[in-house]
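Commentary on secondary and tertiary structure
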Amino acid sequence: MANHKSNIKRIRQSKVRTLHNKYYAKTMRNAVRKLRAETNKDEALKLYPTVQKLLDKLVNKNIIHKNKAANLKSSISIHIAKLG
């Protein structure tokens with residue numbers, strides 16, 4: 001256990017931030033999963049801007065890496081292009 005007040009506070013803060021980051025990461029994964037499960041191209045095109053905005057927001061908040069967001073956006077756009 002930490003002996004200094006600052007370390008105790010740091011532990012408290014890291015727990016809160018970890019919970020916050022897990023929530024947004026899970027939300028992002030669910031949004032990507034929902035878009036990949038979409039079989040209608042029109043519906044996928046409607047969902048794409050919201051997913052893209054969510055990914056960019058998570059990159060700005062340092063929850064996910066910018067390359068991961070770029071890879072996800074690329075794979076999603078390829079999936080949408082393949083829909084008929």
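This text goes with the structure placed above it.
The paragraphs below set out a description of the structure included in this document. All of these numbers come straight from a predicted model, not from anything done at the bench.

Bringing the pattern of salt bridges into the picture now. All told, the structure shown has two salt bridges when counted by the stated rule. Between Glu 43 and Lys 46 there is a salt bridge whose closest N-O contact spans 4.0 Å. One end of the pair, Glu 43, and the other, Lys 46, are both in helix α2 (residues 41–60), three residues apart, so they sit about a helical turn from each other. Under the relative-accessibility criterion, Lys 46 is labelled exposed at 59%. For Asp 56, the salt bridge identified is with Lys 73, shortest N-O distance 2.6 Å. Remark: Lys 73 occurs in helix α3 (residues 66–82) and Asp 56 occurs in helix α2; sequence separation between them is 17 residues. Residue classification places Asp 56 among the partly exposed positions, given a relative accessible area of 31%. Here Lys 73 falls in the buried class, since its relative accessible area comes to 19%.

Parameters and conventions
Residues numbered from 1 in each chain as written. Predicted model: local features only at pLDDT ≥ 70, side-chain atom pairs only at ≥ 80, totals over all residues. Heavy atoms only, no water. Salt bridge = Lys/Arg side-chain N within 4 Å of Asp/Glu carboxyl O. Helix = DSSP H or I, 4+ residues; strand = E, 2+ residues; numbered from the N terminus. Buried < 20%, exposed > 50% of the residue type's maximum accessible area, 1.4 Å probe, protein only.

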